[in-house]
Amino acid sequence: SVSPTRVSDRGGEPITLIGANFVDDPRSVCEFGAEMQTVAHWIDSRSVVCMTPKMGAGRLSVGFSSDGLIFTDVIRLHVDDGWNADRIWPSLGGLNGGTKVLITGSDFDASVQMRCKFGPLYVVAQVASSSKVTCTTPANAAGEVSVQLVNSMMESSLKRDLRFVFTEEVQLLGVSPTRGPVRGGSLLQVSGLNFLPSGMRVSFSNDVLVNAKIVSSTLLQCTTSPMIRAGESSVEVTSNGVDFSLS
């Protein structure tokens, strides 16, 4: 057998041939179609790894030879010029999950059941269009994980792994001063917990986001935005532009 069974037509991807009685021989090659060959790297008696060459899309035969002359039974490989995931936004969120992320790419198919894979965890994906997929992050431990978009056969998006960072949820404890002019421009001190070293922003009444200066993990500074009218304004803090911590 071969894993994965689907690869990109761009080449440069490792595939593993799984069988029996493989030997460690420098002459070993994988043959793609009837003409293209790449070096086979021996792993153990049951598996070898080859890098795919550039190929045309479609079904392709793959064979193995330990001497470059006699080839094993042919295995079928699907070469795909189709869907690819290339960007995720936002690329960080809280440990409790629930962050709605947008994955962009190309040639997504709404008729295919898709899932987002965050590290070892799978969640359902919604295909919004041929270039956009959304999913909601699961709860996870702190740290960076790889993100893949996979189909019902658990075959991955072909371009590259994306990355997502799980962080402690931002908490807002208070602001000072608690009054300011409608025209904005006041220096505001925002205290809380788990502020990140960069990318923190403050929102006033769910309207305008302003960049914050990060003083420490517990203190931000920002300039208040102009308001339409006098009155009480809610203050929220976000580390990713999607998830907010209410005051």
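This text gives an overview of the structure that appears in the document. Predicted, not measured: the structure shown is a model, and the values here were computed from it.

The rules we used
- Numbers given for residues are sequential positions, taken from 1 along each chain in its written order.
- In keeping with the predicted nature of the model, local features appear solely for residues at pLDDT of at least 70, side-chain atom pairs appear and are counted solely at 80 or more, and the whole-chain, interface and lining totals rest on all residues.
- Computation of side-chain values covers all heavy atoms of the structure but excludes hydrogens and water.
- We call a set of buried Ala, Val, Leu, Ile, Met, Phe, Trp, Tyr and Cys residues a nonpolar core when their side-chain atoms join them within 4.5 Å.
- Only protein chains enter the area calculation, which uses a 1.4 Å probe; residues under 20% of their type maximum are buried, those over 50% are exposed, and those in between are partly exposed.
- Only DSSP runs of H or I with at least four residues qualify as helices, and only runs of E with at least two residues qualify as strands; both kinds are numbered from the N terminus onward.
- Pairs of N or O atoms within 3.5 Å make up the polar contacts considered here, provided that, within protein, one atom can donate a hydrogen while the other can accept it, and that residues adjacent in sequence are counted only when both atoms are side-chain atoms.
- In this analysis, two residues are considered to be in contact whenever any of their non-hydrogen atoms come within 4.5 Å of each other.
- We call a pair of cysteine sulfur atoms a disulfide whenever their separation is within 2.5 Å.

**Brief notes about the nonpolar core**
Here is step 1: Counting 20 residues, the largest nonpolar core has Ile88, Ile103, Cys116, Phe118, Cys135, Leu149 and Phe164 as its most contacted members.
Here is step 2: If you list the elements that add at least two residues to this core, you get β9 (84-89), β11 (100-106), β12 (115-118), β13 (121-129), β14 (132-136), β15 (143-150) and β16 (162-167).

**What to know about the side chain of Thr238**
Here is step 1: Relative to the helices and strands, Thr238 is located in strand β23 (residues 235-238).
Here is step 2: Look at Thr238 and you get buried, because its relative accessible area is 0%.
Here is step 3: Within polar-contact distance, the side chain of Thr238 engages the backbone nitrogen of Gly241 at 2.8 Å.
Here is step 4: Excluding residues within four positions of it along the chain, Thr238 makes contact with Gly199, Met200, Arg201, Leu209, Asp243 and Phe244.

**Considerations on unusual backbone geometry**
Here is step 1: With an omega of -5°, the peptide bond between Ser3 and Pro4 qualifies as cis.
Here is step 2: Along the polypeptide, Pro4 turns up in the loop between β1 (2-3) and β2 (6-8).
Here is step 3: Not every positive phi belongs to a glycine, and Asn21 is a case in point at roughly 65°.
Here is step 4: As for its position among the elements, Asn21 is in the loop between β3 (14-18) and β4 (29-32).
Here is step 5: Residue classification places Asn21 among the exposed positions, given a relative accessible area of 69%.
Here is step 6: We note that Asn194 has phi near 65°; this positive angle belongs to a residue other than glycine.
Here is step 7: Residue Asn194 is classed as partly exposed on the basis of its relative accessible area of 28%.

**Concerning the state of the cysteines**
Here is step 1: Applying the stated criterion across every chain yields a total of two disulfides.
Here is step 2: For Cys30, the disulfide goes to Cys50, at an S-S distance of 1.9 Å. Across the S-S bond of Cys30 and Cys50 the torsion is about 65°, and the bridge reads as right-handed. Here Cys30 is found in strand β4, whereas its partner Cys50 is found in strand β6 (residues 47-51), with 20 residues between them in sequence.
Here is step 3: On the accessibility criterion, Cys50 (1% relative accessible area) is buried.
Here is step 4: A disulfide bridge connects Cys116 with Cys135, and the sulfur atoms are separated by 2.3 Å. Its S-S torsion of about -100° marks the bond between Cys116 and Cys135 as left-handed, since a negative value means left-handed. Placement of the pair is Cys116 in strand β12 and Cys135 in strand β14, with a sequence separation of 19 residues.

Treat this as a map of the structure, not an account of what it does.
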